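Examining the three-dimensional arrangement
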Amino acid sequence: VFHGRILVRRLVGQETRYEVEVKERYRQRFPLVAREYLWVPNTCGCPALRPGGEYLLMARRHVNHEHTLNRILLQDDGYARPWTPREARLVREAARSC
């Protein structure tokens with residue numbers, strides 16, 4: 001779970017790739033760096049993330065069986081909400097109690 005600002009949206013094959021500036025990490029099972037690529041397995045823009053927008057994102061690390069693919073994946077039904085100070089406070093509180 002992290003707060004990120006979308007820098008660029010690009011279609012790559014049958015997927016959408018977003019370049020994201022990671023602004024704050026709330027809960028993580030894998031390390032994040034300041035800039036990450038976030039992949040969505042479709043080209044329809046679902047969920048719709050606009051460049052310049054800030055979002056609260058819950059994604060997962062996807063590694064294939066051969067360990068040749070290692071990326072951050074936001075599934076179609078993944079959590080992607082516009083970031084607000086209220087959302088950030090709620091997520092911080094939840095992360096402390098989990």
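Described in the following lines is the structure provided in the data block. Note that the structure is a prediction, hence the values are computed from the model and not measured.

A closer look at the pattern of salt bridges
Going through the model one piece at a time under the given rule, you end up with five salt bridges. Across the pair R92 and E24 runs a salt bridge whose closest N-O atoms are separated by 3.7 Å. Taken as a pair, R92 in helix α1 (residues 85–97) and E24 in strand β2 (residues 15–25) lie far apart in primary sequence, 68 residues in all. What makes R92 partly exposed here is its relative accessible area of 35%.

Some details on the pairing of β2
As judged from the 10 bridges shared by strand β1 (residues 2–12) and β2, these two strands associate in the antiparallel manner. Within β2, the position partnered with V8 by the bridge is E19. Hairpin connection, β1 to β2: the antiparallel pair is bridged by two residues, and G13 has positive phi, about 65°. Bridge count between β2 and strand β3 (residues 35–40): six bridges; the pairing is antiparallel. Paired with E19 across the strands is Y37, a residue of β3.

Conventions adopted
- Per chain, residues are indexed from 1 in the order of the written sequence.
- Confidence filtering applies because this is a predicted model: local features only for residues at pLDDT of at least 70, side-chain atom pairs given and counted only at 80 or more, and all residues used for totals across whole chains, interfaces and linings.
- As a convention, hydrogens and water are excluded, and side-chain values are obtained from all of the structure's heavy atoms.
- Think of a salt bridge as a Lys or Arg side-chain nitrogen and an Asp or Glu carboxyl oxygen that are within 4 Å of each other.
- Helix and strand assignments come from DSSP, with helices taken as H or I runs of at least 4 residues and strands as E runs of at least 2, each series counted from the N terminus.
- Note on exposure labels: buried denotes an accessible area under 20% of the residue type's maximum, exposed denotes more than 50%, and partly exposed covers the range between, all computed with a 1.4 Å probe on protein chains only.
- For two strands to count as paired, DSSP must find a minimum of two bridges between them.

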